[in-house]
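Listed below are the residues making up each chain.
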Amino acid sequence: RYKDIYLGGGAFLGGTGTANKLSDYEEGTWTPNIGGNATYSAQAGHYRKIGKMVFANFQIQINVKGTGYGSKLAGLPFNSSSNSAVNVQSGYTSYFANLNTAVNSLAFYVERGANTAEFVATTSTTTTITNGANVFADNAHIYGAVVYATDA
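Because the structure is predicted, anything quoted here is derived from the model rather than measured. (Residues numbered from 1 in each chain as written. Predicted model: local features only at pLDDT ≥ 70, side-chain atom pairs only at ≥ 80, totals over all residues. Heavy atoms only, no water.)

## Some remarks on the pattern of salt bridges
- Considering all chains together, one arrives at three salt bridges under this definition.
- For Arg48, the salt bridge identified is with Glu27, shortest N-O distance 3.4 Å. Of the two residues, Arg48 sits in strand S4 (residues 39–50) while Glu27 sits in strand S3 (residues 25–29), which places them 21 residues apart along the sequence.
- A residue is classified by how much of its surface remains accessible, and Arg48, at 38% relative accessible area, is partly exposed.
- Given a relative accessible area of 40%, Glu27 falls into the partly exposed group. (Salt bridge = Lys/Arg side-chain N within 4 Å of Asp/Glu carboxyl O. Helix = DSSP H or I, 4+ residues; strand = E, 2+ residues; numbered from the N terminus. Buried < 20%, exposed > 50% of the residue type's maximum accessible area, 1.4 Å probe, protein only.)

## Digging into the environment of Ala97
- Locating Ala97 in the fold gives a position in strand S7 (residues 89–97).
- Ala97 sits 42 residues away from Asn139 along the chain, and the two C-alpha atoms are 8.2 Å apart.
- Among all residues touching Ala97, those that are not within four sequence positions of it are Asn139, Ala140 and His141. (Contact = heavy atoms within 4.5 Å.)

## Some words on the pairing of S4
- As judged from the five bridges shared by S3 and S4, these two strands associate in the antiparallel manner. Within S4, the residue paired with Glu27 across the bridge is Arg48.
- In terms of strand pairing, S4 meets strand S5 (residues 53–64) through eleven bridges, oriented antiparallel. Bridge pairing in S5 links Ala44 to Gln59.
- Linking S4 to S5, which pair antiparallel, is a turn of two residues; within it Gly51 sits at a positive phi near 60°. (Pairing = 2+ DSSP bridges.)

## Some details on a nonpolar patch on the surface
- A cluster of nonpolar side chains, contributed by Tyr2, Ile5 and Leu7, occupies part of the molecular surface with about 420 Å² of accessible area.
- As for its position among the elements, Tyr2 is in the segment before strand S1 (11–12). (Patch = residues over 30% accessible without salt bridge, like charges linked within 9 Å, V, L, I, M, F, W, Y side chains within 5 Å. Areas by Shrake-Rupley, 256 points an atom, 1.4 Å probe, with all protein chains shown as cover.)

## Topic: the side chain of Ser71
- Within the fold, Ser71 resides in the loop between S5 and strand S6 (72–73).
- One polar contact links Ser71 to Glu118, side chain to side chain, over a distance of 3.0 Å.
- Ignoring anything within four residues of it in the chain, the contact list for Ser71 reads Ala117, Glu118, Phe119, Gly132, Ala133 and Asn134. (Polar contact = N/O pair within 3.5 Å; in protein donor to acceptor, adjacent residues only side chain to side chain.)

## Describing the confidence of the model for the protein
- Confidence in the prediction for the protein averages 89 pLDDT; 95% of positions are at 70 or higher.
- Within the protein, the lowest mean pLDDT, 73, falls on strand S2 (residues 21–22), and the highest, 97, falls on S4. (pLDDT = per-residue confidence, 0-100.)

## Description of the packing of aromatic side chains
- In this structure the tally under the stated criterion is six aromatic pairs.
- Plain terms: the ring middles of Trp30 and Phe58 are 6.1 Å apart, the flat faces sit at 65° to each other, and that makes the pair edge-to-face. One end of the pair, Trp30, is in the loop between S3 and S4; the other, Phe58, is in strand S5, with 28 residues separating them in the sequence.
- The class of Phe58 is buried, set by a relative accessible area of 5%.
- Arranged with centres 5.8 Å apart and planes meeting at 65°, the rings of Phe58 and Phe108 form a pair that is edge-to-face. Taken as a pair, Phe58 in strand S5 and Phe108 in strand S8 (residues 105–110) lie far apart in primary sequence, 50 residues in all. (Phe/Tyr/Trp six-rings, centres within 6.5 Å; stacked < 30°, edge-to-face > 60°.)

## Brief notes about the pairing of S8
- Every second residue of S8 is oriented toward a common face, the buried set being Leu106, Phe108 and Val110 and the non-buried set Ser105, Ala107 and Tyr109.
- Relative to S8, S7 is paired through two bridges, and the arrangement is antiparallel. Residue pairing in the sheet places Tyr92 in a bridge with Ala107 of S8.
- Two strands pair when backbone bridges link them, and S8 and strand S9 (residues 117–122) are joined in this way by six bridges, in the antiparallel orientation. Across the sheet, residue Phe108 finds its bridge partner in S9, namely Phe119.
- Where S8 folds back onto S9 in an antiparallel hairpin, the turn is made up of six residues, including Gly113, whose phi is positive at roughly 70°.

Below, the structure written as structure tokens:
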């Protein structure tokens, strides 16, 4: 029976092949933002990185948008993979309020090779997703989570 195990080079789980090697695990916090001179009522984020996969959640509430992005969330804890073959990226929102435009659904994707995410939305007047949805405004509030691959 062991209390703690410290490994210098990683652990092989479920086999001895290269694909079975877990060489990195970390947790931390990050600060979601929209750039520019925006001010915030709330900014909070947490992430887990397992190997090259990042699982991150966030809460952001804009006080004053100022010159900040209207359709992007910045400050993700790692740049996403620039390799399109491995760039898994899926983001969703669990809560949103006081947006710049009325939307029926709101999601986002992580931009390739970057630490930013672009919002996409549907409105009552559209049946297709609008890319680059201009959602941030004064008092906008969004909770969300994302899973994406990184090269780090």
